[in-house]
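Structural features, examined
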Amino acid sequence: MGRPVLSVISPSYNERDNMRAFTDALASALKGIEWELIVVDDDSPDGTYEEVLKIGAINPRVRCIRRVGRKGLSSAVVEGILASSAPVVAVIDADMQHDETVLPQMLAKIDGGADLVVGTRYAAGGSTGTWGEGRLRMSELATKMSQLLIGNATSDPMSGFFMARRDLVNNHVYDLSQQGYKILLDLIASAPPATRIEEVPYTFRERTEGESKLTLMVLAEFLFLLIEKLTKGLIPPRFVLFAIVGFLGLAVHLSVLNLMGTFQPTFIIAQTVATFVAMVFNFVLNNQFTFRDKRLTGMRMIVGLVVFILVCSVGAIANLSVANFAQQEFGNWNVAGVLGALMGSVFNFGVSSTLVWNRRKKKPRVSA
């Protein structure tokens, strides 16, 4: 085995049952080509990384990066590319839905001068296979929305199957958001206009093992990526989701505020109770969705909630002050509640990002 000319990067999560068939298919498709496979596994509970290690013990071309405490397809792809050694990298899912037999064609286009080659389902000769009408319409809508960002650079900007010169990623790695699942769209949006992009059509296959990763969060993260790129990073995707949770929390805040009004307490007492309930609500949703890659569990979640409440109390003081002033000026509890809640929202995002979900685990002590 010589130095690879192609590094195949495959992000994985719960793909153990596909791994042997996948690596066998790659070996068959890439005969005569020096290649390596880097599986980047997000600590799959089904033991995907263990299966890859078993395969790697037999086939030295195969190795695994097991990520603990880190999740996300885009960041996994970037991490795999940075750990690769070949001048050309290919990104392909391990679920067998992408057609590995077109990899030599894609490599030929790279050798012919292309910087990036997209495996497309929408060019002549390509197909989405057995997709239903609903999924087709959703994909078509996402493609049209992507064109707001990258124009007609490719017919399939939502593809997770592509090949690129390694230097293209290295040169723009700091421009990638590494959030969500649409790494190709992120890469094209970050690359210079002179980047030469070509396509190879393929037919999307049905999954035979495992479960689809397509969820509402995947679609939401696509929208967040568009927002981040269109605003040149002014609005981070995580803040968008934090703001949505905050909006829901505001609804909870106002509901509790009005409910408290039926008991006729002072406004300060009602606002305090509503603020506390909204803070707990926001913490739970943010822990589950906004910071799901840093999700706190067990005792760490309890400690995180306490820290969240403590640090956000500073914002709550401003919240209460502004809300009380607004209530005296306007005499409307809803208006006062909204102004008070908005006052602390940006502050709460900043402190929660750094002090609650960005806390490092203590390293275990190593005995001498």
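Please refer to the structure placed before this passage.
For the structure given in this document, a descriptive report is provided here.

Reading guide: rules and limits
Along every chain, residues carry numbers that run from 1 in the direction the sequence is written. Reporting of local features is limited, given that this is a predicted model, to residues whose pLDDT is at least 70; pairs of side-chain atoms are given and counted only at 80 or more, and all residues count toward the totals for whole chains, interfaces and linings. Side-chain descriptors were evaluated using all non-hydrogen atoms of the structure, hydrogens and water having been removed beforehand. Using a 1.4 Å probe on the protein chains alone, a residue whose accessible area is under 20% of its type maximum counts as buried, one over 50% counts as exposed, and one in between counts as partly exposed. Put simply, DSSP marks the helices as runs of H or I at least four residues long and the strands as runs of E at least two long, and each gets a number from the N terminus on. Taking the helix axis as origin, the arc is that swept by the directions to the C-beta atoms. The contact rule is simple, with two residues in contact once any of their heavy atoms fall within 4.5 Å. Put simply, the grid is 1 Å and covers the protein atoms alone, a cavity is a trapped set of points that fit a 1.4 Å probe, a pocket is an open set with protein on both sides within 12 Å along at least five of seven lines, and lining residues have an atom within 4 Å of a point. Grid points are joined across faces, edges and corners, and a volume is the space filled by probe spheres set on the points. Classification convention: Asp, Glu, Lys, Arg as charged; Ala, Val, Leu, Ile, Met, Phe, Trp, Tyr, Cys, Pro as nonpolar; all other residues, Gly among them, as polar. Aromatic rings from Phe, Tyr and Trp, with only the six-membered ring used for Trp, were paired whenever their centres fell within 6.5 Å, and each pair was classed as stacked if the ring planes differed by under 30 degrees, edge-to-face if by over 60, and tilted otherwise.

A few points about helix α4 (residues 103–111)
For α4, the set of buried residues is Leu103, Met106, Leu107 and Ile110. End-on, the buried residues of α4 take up no more than an arc of 100°, which puts them together on one face. Where α4 is buried, its residues meet α1 (16–29), β4 (88–91), β5 (116–120), β6 (162–165) and β7 (197–201). Downstream of α4 by a residue or two, Gly113 has a phi angle that is positive, lying close to 120°.

Some points on empty space enclosed by the protein
Across all of its chains, the model carries 1 cavity of 30 Å³ or more by this definition. By volume, the largest cavity is sized at about 40 Å³. What lines the largest cavity is simply Val77, Val78, Ile81, Phe162, Val169, Leu176, Ile183 and Leu187. When contributions to the lining of the largest cavity are tallied by element, the ones reaching two or more residues are α3 (73–82) and α7 (183–190). For the lining of the largest cavity, a count of residues per class yields 8 nonpolar, no polar and no charged.

Here's the deal with the packing of aromatic side chains
To describe a pair of aromatic rings, you give the distance between the ring centres and the angle between the ring planes. Under the counting rule described, the total for this entry stands at 6 aromatic pairs. On the numbers, 5.5 Å between centres and 70° between planes, the contact of Trp131 with Phe204 is edge-to-face. Pair noted here: Trp131 is in the loop between β5 and α5 (133–150) and Phe204 is in the loop between β7 and α8 (216–230), with a separation of 73 residues, a long-range link. This pair shows no difference in class: Trp131 is buried, exactly as Phe204 is. Ring geometry for Phe308 and Trp357: centres 5.9 Å apart, planes at 65°, overall edge-to-face. Linking Phe308 in helix α11 (residues 298–330) with Trp357 in the segment after α12 (333–356), this pair joins segments that are 49 residues apart in sequence. Residue Phe308 shares its accessibility class with Trp357, and that shared class is buried. Joined through ring pairs, the aromatic side chains of Phe283, Phe291, Phe308 and Trp357 make up one cluster.

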